[in-house]
Each structure stands twice: as structure tokens, then as C-alpha cells.
Amino acid sequence: MATRDNGEPVLFSSPVSVKAGKDCLLVNGVGYTRLSFAASTAVIVNGKPYRGAADIFYADKGLLVVNSLPLEDYLVGLINCEISSAWPIESVKAQAVIARTYALIRKEAKKNALYHLESSVMDQVYDGCLIEDSRAKRAVSETAGEVLTYNRRIIQAFYHSSCGGKTEAAENVWGASLQYLKGVECKYCLTATSTAWEQKLGLREIEEKFRAAGIKIAGITDINGGTRNDRGRWKNIVVVSSKGDVSVTGDQFRKIIGYGIIKSTNFVVKIGNGEALFSGSGNGHGVGLCQWGAKQRALDGFGYTEILAYYYPGTELKKNSELR
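None of the values given here were measured: they were computed from a predicted structure. (Residues numbered from 1 in each chain as written. Predicted model: local features only at pLDDT ≥ 70, side-chain atom pairs only at ≥ 80, totals over all residues. Heavy atoms only, no water.)

Engineer: Where do I start with the packing of helix α5 (residues 203-212) against helix α6 (residues 250-257) in this structure?
Structural biologist: For any two helices packed against each other, one specifies the inter-axial angle together with the distance between the axes. Contact geometry for α5 and α6: axes closest at 9 Å, N-to-C directions at 100°. Looking at the two axes, α5 sits roughly perpendicular to α6. Taking contact as the criterion, the partners of I206, K209 and F210 in α5 are, on α6, F253, I256 and I257. Here the contact of α5 with α6 is composed, by residue class, of 5 nonpolar, no polar and 1 charged. (Axes fitted to C-alpha atoms, helices over the stretch in contact; angles between N-to-C directions. Helix = DSSP H or I, 4+ residues; strand = E, 2+ residues; numbered from the N terminus. Parallel < 35°, antiparallel > 145°, perpendicular 65-115°, else oblique. Contact = heavy atoms within 4.5 Å. Nonpolar A, V, L, I, M, F, W, Y, C, P; charged D, E, K, R; others polar.)

Here is the structure:
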């Protein structure tokens, strides 16, 4: 079913091609403020199926497509985007709980916005219902409505791929201190092949990335770690150039170069022949649950409640309905 912004049905022939017009959506030359598409099973957008409805708005950069669907359905589709449902079921259940917790806190923070969550690593990776499976459904069903709380409030349930030996304190990344995110020892992810990484980049390429971020720099000759924090990650990075030194925080450096390129702020760098060789450990910001660590803890026999209690000390597992 297709409807306008006032709820009035609109008759289209499928598939529908929606384009950005001048301050509106265009379908067959007719302008609309907003269109919503829903189906009993799934709506296919750009070849991918999504449960619930697809709401299409005109936005500054073209078309904004928002998938509106029940939270538990969203979680089933999310599992195989964030981890593998083939992992030990207790680690999959832990993922379901923290993804639910994260989604609810973001929904509250953005309750007046057009949407609550990005579908990328900026929030949680979500790619529709194409890769749902029975194990993902089981993990969501067996933890239905469960969220992590601290003093009866839903927590900031940050998580990442692998920490490389120690999870990070929230204040070292975002400046805000949270009692349940002070960082813990975690040797469990060190068995994962993805924990150690290397990346080689040309110094000119690094210069271009800094300029694209609005930082003027030319003739890079060296890259030095400034100081490390108490969790072993770089507080700041100093880039030495012929036009002077530039200092940025470790997280800013990752953002400038690319989160997928510099996978963590725990690395060493060697300069030679106009190139920088980065060798690091861990993948992600390091705060909260370590996904590969959770997998290994599940393999070691820990249940999802024990896994969550380890990575978020002092928190309690509660039904969201109990908090209303």
C-alpha cells in the first residue's frame, strides 16, 4: 500500500520509481511531500527487502528513506549485520540485548527527529530482512524486551568488534565518564584473527585526507604518537610536516583517515620511502562489549547474562516494560 503524508492511498504500478524534484518527491511527474510504502511481508527498496514501512521524504541531499518497523523485527535483521548468528547462542543473545538497549536510548534521544537510528556503523549496521535466520530470531525471542540498566535507567550500551586486550573507558573517547564503562581486561578476543591489523598509506594520501577534513598541512615527514591513556590507546597523534606540526586526538585521527583503515587507536607507525606503515591491535572504539571477546567467553561456557555483567560492571538486566 502506498499513502501520501495525510494518509490518503495512492495508486501506483509496481515497481515505483521515486525521484527528487524541486523541494518534493516526483513519481511520474507528480510531486509529493512524503510517500509511505508498506506490505504484508516486505517492501523492496533498491533491490533489498525491509519489514514494516518505507517512508520517503525530500531532504537537502536528495531522498531520505526511513524504514519504520517494530523493534524486535529490527533486531532479528540486525544480528547478522553486526556478528554471525552461527556464533555460540549465548554471545548472539548478548548481542540482541545490547542492540535493543542501544536502539532504545537512541530512540529517546532522537524522539523528535525524522528517524532514530542510522543504518550504518554510525549507530548499528542494519540491512533489512534478507539475512534473517532462525538463530537470530531465537536470540531475540529468548531475550524479548530485555535491556541493560544502571540505577534503573537504560544504559549507553556501546560495543565494538574487538578491543585487543583491554576495553576502553568512555571518557577517553567521548569525554563523558560512565561508571559502567570504565574498561575491563579482555584477553578473550586475542584469539581472533581480525584483532591484529596492518595498513600502509602514502604520506601524500594522508595529507589529502587531512586537507579534506579542513586541516591545512603540507610535506608530512613523520607521524608520532603523543601520549597514551591508561588503557594503552593514543590520546593524541602528532603529524610532523614542513609547514609545522598538527596534533589531533586519536579518535579524530581515525575519523580523518577512515575508521575502516585505522581500525583502533592502539597502534605503532613506521615511516619510510614516503609511506606510513600502521600496525595495530583491536577493531573499533573499544568501549563496552567486545564482540569477539563475547564469542570466546560463550565458547568458554559463560551465559549471556554473565557476559553482559563482565563488560558492563554494575548493570542489571531488566524488562523494558518494568521501567515504564
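Once the structure has been displayed, the description carries forward.
Engineer: Whenever I open this one, unusual backbone geometry confuses me. Can you help?
Structural biologist: In this chain, S14 is followed by P15 through a cis amide linkage whose omega measures -5°. Among the structural elements, P15 can be located in the loop between β1 (2-4) and β2 (19-20). At N46, a residue that is not glycine, the phi angle is positive and equals roughly 50°. Examined against the element boundaries, N46 turns out to sit in the loop between β6 (43-45) and β7 (48-50). The exposure class of N46 is exposed, given its relative accessible area of 80%. A positive phi angle, close to 65°, is found at R152, a residue other than glycine. (Buried < 20%, exposed > 50% of the residue type's maximum accessible area, 1.4 Å probe, protein only.)

Engineer: What is the right way to read the sheet that holds strand β3 (residues 25-27) from this model?
Structural biologist: For sheets, the rule is that strands pair by backbone hydrogen bonds, running either parallel or antiparallel. Pairing is antiparallel in the open sheet, where 3 strands are placed in the order β2-β3-β4. Edge positions in the sheet fall to β2 and β4 (30-32), since each of these pairs with one other strand and no more. Bridging between β3 and β4 involves 3 bridges; their strand directions are antiparallel. Considered in β4, the bridge of L25 is made with Y32. (Pairing = 2+ DSSP bridges.)

Engineer: What am I meant to see in the packing of helix α2 (residues 89-109) against helix α7 (residues 291-299) here?
Structural biologist: Between α2 and α7, the least distance of the axes is 7 Å, while the angle of their chain directions is 140°. Classified by the interaxial angle, the pair formed by α2 and α7 is oblique. The handedness of the crossing between α2 and α7 comes out as right-handed. For the pair formed by α2 and α7, the contact residues are E90, S91 and Q95 on the first element and Q291, A294, K295 and A298 on the second. Of the residues that constitute the contact of α2 with α7, the class distribution is 2 nonpolar, 3 polar and 2 charged. (Left-handed = near helix turned anticlockwise from the far one by under 90°.)

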